[in-house]
Amino acid sequence: MCNILSYKRTEQVYMKMKTSSRTNSTFVLFACFSMLCISQLANVVVCECSKNMVIFNFGDSNSDTGGYAAAHGIRFGFPDGRTFFHDQPSDRLCDGRIILDFLCESLNMSYLSPYLESVKPNFNNGVNFAIGGATTLPKNALFTLSTQVLQFIRFKARSLQLQSKGLKDLAEEDFKNAIYMIDIGQNDIANAFSYLSQASQVLEKIPSFISEIQAAIWGIYNNGGKNFWVHNTGPLGCLPQKLATRNGSNLNDYGCIKSMNEAADAFNNQLRALCEQLRLQMKDATIVYVNIYAIKYDLIANSSAYGIQNPLMVCCGYGGPPYNYNSNITCRQSGYSLCEDGSAYISWDGVHYTEYANAIVASKILSTNYSTPPLNLNHFCT
């Protein structure tokens with residue numbers, strides 16, 4: 001059973017306050033709304049699972065809990081993690097928890113340890129193979145999706161070998177019943193815009209990205225995986241990094257780059273079609289497709305309803321309005337400026353979201369309103 005502490009409850013309070021207000025108290029409303037959201041979304045969902053849940057995650061920095069840091073021998077400390085991990089390095093490109101962290105919390109799981117963590121990793125609830133900067137292509141390059149799947153296959157073989165020798169580790173049943181999450185593609189599209197001159201050329205590349213995701217899912221399926229949780233990609237053209245570095249050309253009504261959002265939308269349509277195809281081919285598999293794009297775009301288009309004052313502006317960056325992003329002085333580089341309250345922002349550093357925004361996105365994911373089929377993660381608890 002799960003008790004969802006969703007955005008809707010907080011929104012009702014906010015709307016009631018707004019309706020009853022007879023004075024110009026926008027600032028107070030925003031402040032109160034932000035405080036309510038933080039308290040309500042601190043634990044997005046409370047679940048009681050009947051078994052130990054296991055997740056294997058594949059992706060990029062949007063779901064990286066320390067893979068990039070471990071691979072490159074660095075630590076992401078302050079200002080990253082300041083709202084939740086405080087003075088402890090979070091190894092996440094965020095001011096606190098990322099979406100995956102909230103999803104793990106919803107299942108009463110520990111946060112996923114990265115595959116490459118060498119000091120006391122906790123793999124009881126699964127493994128995170130995601131690495132910041134990861135792509136689907138080129139195939140078999142360092143940390144790309146195909147490599148992450150190969151890492152999983154090796155991890156499974158090694159785990160079962162150790163278990164057969166009496167060492168406590170994940171068992172065959174854990175791998176069979178695990179949730180296999182895939183959250184990748186944003187970097188492929190972004191990179192394509194950097195080396196291709198026409199948006200039409202980017203669109204032509206998308207099937208090759210989808211093909212690698214298809215191969216990854218089949219690779220996992222052929223190694224016993226049957227529960228797949230697939231996130232589509234967000235509105236790339238709304239990222240402050242893209243807006244600031246592409247001179248704000250070809251913008252839509254919400255200030256986002258049309259061509260980039262159209263490419264993300266095309267990618268998502270093909271990814272959704274792939275999931276539909278695989279459901280027919282993998283008769284015993286459950287494949288949940290989650291519309292992250294719709295969730296994130298709503299957060300931007302209706303930012304004021306969420307108490308967000310700066311939907312396209314960076315919290316940790318440099319340069320001031322309209323985006324507070326400068327490619328020469330980015331977050332974590334000498335000279336950056338830092339906002340006081342991340343709950344007024346969607347973007348943490350120009351690419352990644354704030355914990356506040358991530359909590360809202362996670363709550364919407366768990367509502368099942370954006371999933372096909374409309375299954376919650378707790379579906380896999382039984």
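These figures come from a predicted structure and were not determined experimentally.

**Student:** Mind showing me how you'd approach the nonpolar core here?
**Tutor:** Ranked by internal contacts, the top residues of the largest apolar core, which has 94 residues, are F56 and F58. With residues up to four places along the chain from it excluded, the contact list for F58 reads F129, A130, L145, Q148, V149, F152, Y180, M181, I182, D183 and I220. Membership of the second largest hydrophobic core comes to eight residues, among which are M313, C315, C316 and C339.

**Student:** Is there a simple way to explain helix 5 (residues 145-164) in this structure?
**Tutor:** An α-helical turn contains 3.6 residues, so any two residues separated by three or four positions project in the same direction. Taking 1.5 Å of rise per residue, the 20 residues of helix 5 would be expected to cover 28 Å, and the 29 Å separating its terminal C-alpha atoms lies within 8% of that figure. Of all the residues in helix 5, the buried ones are L145, S146, T147, Q148, V149, Q151, F152, F155, K156 and S159. Taken together, the buried residues of helix 5 touch strand 3 (55-59), strand 4 (126-128), helix 6 (172-177), strand 5 (179-183) and helix 8 (199-221). Directly after helix 5, the chain includes G166, whose backbone phi takes a positive value near 95°.

**Student:** Before we go on, may I ask you to explain the sheet that holds strand 4 in this structure?
**Tutor:** Hydrogen bonds between backbone atoms are what pair the strands of a sheet, whose relative direction is either parallel or antiparallel. Strand order in this open sheet of six strands is 4-3-5-6-7-12, and the pairing throughout is mixed. Lying at the two open borders of the sheet, with one neighbouring strand each, are strand 4 and strand 12 (371-372). Sheet topology note: the strand 7 (residues 286-290)/strand 12 ladder contains two bridges and is antiparallel. Its bridge partner lying in strand 12, Y289 is registered against T372. On the sheet, helix 8 packs against strand 3, strand 5 and strand 6 (227-231) and is oriented at approximately 160° with respect to strand 6.

**Student:** For this particular structure, what's the right way to read the state of the cysteines?
**Tutor:** The term disulfide refers to a covalent linkage connecting the sulfur atoms of a pair of cysteines. One pass over the structure, following the stated rule, counts three disulfides. Paired by a disulfide, C238 and C256 hold their sulfur atoms 2.1 Å apart. In this structure the cystine formed by C238 and C256 twists about its S-S bond by roughly 105°; its chirality is therefore right-handed. Residue C238 is found in the loop between strand 6 and helix 9 (240-245), and its partner C256 is found in the loop between helix 9 and helix 10 (258-281); the two are separated by 18 residues along the sequence. There is no split in this pair, since C238 and C256 are both buried. Counting only cysteine sulfurs, C315 is the nearest neighbor of C94, a cysteine outside any disulfide, at a range of 9.9 Å.

**Student:** For this particular structure, what's the right way to read the pattern of salt bridges?
**Tutor:** For the structure shown, the criterion picks out nine salt bridges. A salt bridge links D80 to R332; its shortest N-O distance comes to 2.6 Å. Here D80, found in the loop between helix 3 (67-72) and helix 4 (99-106), pairs with R332, found in the loop between strand 9 (316-317) and strand 10 (337-338); they are 252 residues apart in sequence, far enough to count as distant. Judged by its relative accessible area of 1%, D80 is buried. Residue R332 is classed as partly exposed on the basis of its relative accessible area of 32%. The network of salt bridges with common partners includes D80, R332 and D349.

**Student:** Even after reading the chapter, I still don't get the packing of helix 5 against helix 8, so can you show me in this structure?
**Tutor:** Two quantities define a packed helix pair, namely the angle between the axes and the distance from one axis to the other. Between helix 5 and helix 8, the shortest axis-to-axis distance is 9 Å and the interhelical angle comes to 5°. As far as their axial angle goes, helix 8 and helix 5 are roughly parallel. Facing L145, S146, V149 and F152 of helix 5, the residues of helix 8 in contact are E212, I213, A216 and I220. Its residues placed into classes, the contact of helix 5 with helix 8 shows six nonpolar, one polar and one charged.

**Student:** What is the right way to look at the environment of D87 in this model?
**Tutor:** Checked against the element boundaries, D87 lands in the loop between helix 3 and helix 4. D87 sits in the exposed class, given a relative accessible area of 67%. When the C-alpha atoms of D87 and G77 are compared, they prove to be 7.2 Å apart, with ten residues separating the residues in sequence.

**Student:** I tried to follow the packing of helix 11 (residues 292-301) against helix 12 (residues 355-366) on my own but got confused; where do I start?
**Tutor:** Two numbers describe how helix 11 lies on helix 12: the axes approach to 10 Å, and their chain directions differ by 135°. As judged from the angle between their axes, helix 11 and helix 12 are oblique. Crossing geometry of helix 11 relative to helix 12 is assigned as right-handed. On helix 12, the residues that touch I292, I295, K296, D298 and L299 of helix 11 are A357, I360, V361, K364 and I365. The residue makeup of the contact of helix 11 with helix 12, split by class, is seven nonpolar, no polar and three charged.

Cut-offs applied
- Residues numbered from 1 in each chain as written.
- Predicted model: local features only at pLDDT ≥ 70, side-chain atom pairs only at ≥ 80, totals over all residues.
- Heavy atoms only, no water.
- Core = buried A, V, L, I, M, F, W, Y, C linked by side-chain atoms within 4.5 Å.
- Buried < 20%, exposed > 50% of the residue type's maximum accessible area, 1.4 Å probe, protein only.
- Contact = heavy atoms within 4.5 Å.
- Helix = DSSP H or I, 4+ residues; strand = E, 2+ residues; numbered from the N terminus.
- Expected span 1.5 Å × (residues − 1).
- Pairing = 2+ DSSP bridges.
- Axes fitted to C-alpha atoms, helices over the stretch in contact; angles between N-to-C directions.
- Disulfide = S-S within 2.5 Å.
- Salt bridge = Lys/Arg side-chain N within 4 Å of Asp/Glu carboxyl O.
- Parallel < 35°, antiparallel > 145°, perpendicular 65-115°, else oblique.
- Nonpolar A, V, L, I, M, F, W, Y, C, P; charged D, E, K, R; others polar.
- Left-handed = near helix turned anticlockwise from the far one by under 90°.

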